[in-house]
Amino acid sequence: MRALGIALGVLMVAMGAIWTFQGLGYIEGSAMTDQSIWAVLGPILAGFGVALVIVAARRRE
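Residues numbered from 1 in each chain as written. Predicted model: local features only at pLDDT ≥ 70, side-chain atom pairs only at ≥ 80, totals over all residues. Heavy atoms only, no water.

1. Some remarks on helix α1 (residues 2–23)
Then step 1. In a regular helix each residue adds 1.5 Å, so 22 residues correspond to 32 Å; α1 covers 31 Å between its end C-alpha atoms and thus fits that length.
Then step 2. Buried within α1 are the following residues: G5, G9, M12, G16, T20, Q22 and G23. End-on view of α1: buried residues confined to an arc of 155°, all on one side of the axis.
Then step 3. Considering only its buried residues, α1 is in contact with α2 (36–58).
Then step 4. Immediately downstream of α1, the backbone of G25 shows phi near 90°, a positive value. (Helix = DSSP H or I, 4+ residues; strand = E, 2+ residues; numbered from the N terminus. Expected span 1.5 Å × (residues − 1). Buried < 20%, exposed > 50% of the residue type's maximum accessible area, 1.4 Å probe, protein only. Arc of directions from axis to C-beta. Contact = heavy atoms within 4.5 Å.)

Here you go:
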């Protein structure tokens with residue numbers, strides 16, 4: 001379970017970074033490009049991902 005939590009957290013951080021860069025217009029070719037909502041939701045998702053990695057890494061099994 002610990003490895004799954006860490007993997008899911010890393011995936012959330014990566015998706016959050018992609019959403020942020022698309023929302024800011026650095027990654028083009030999507031309907032999400034230059035949409036400010038994704039520039040806000042991306043860091044939120046990445047923050048939850050970091051929190052999940054921390055909680056999963058500290059968990060004892």
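Now that the structure has been shown, we can carry on.
2. Here's the deal with the packing of α1 against α2
Then step 1. For the pair α1 and α2, interaxial distance at closest approach is 7 Å and the crossing angle is 160°. It follows that α1 is roughly antiparallel to α2 by the angle criterion. Handedness of the α1/α2 crossing: left-handed. (Axes fitted to C-alpha atoms, helices over the stretch in contact; angles between N-to-C directions. Parallel < 35°, antiparallel > 145°, perpendicular 65-115°, else oblique. Left-handed = near helix turned anticlockwise from the far one by under 90°.)

3. Comments concerning the side chain of Q22
Then step 1. On the secondary structure map, Q22 appears in helix α1.
Then step 2. Here Q22 falls in the buried class, since its relative accessible area comes to 10%.
Then step 3. Ignoring anything within four residues of it in the chain, the contact list for Q22 reads I27, S30, M32, T33 and D34.

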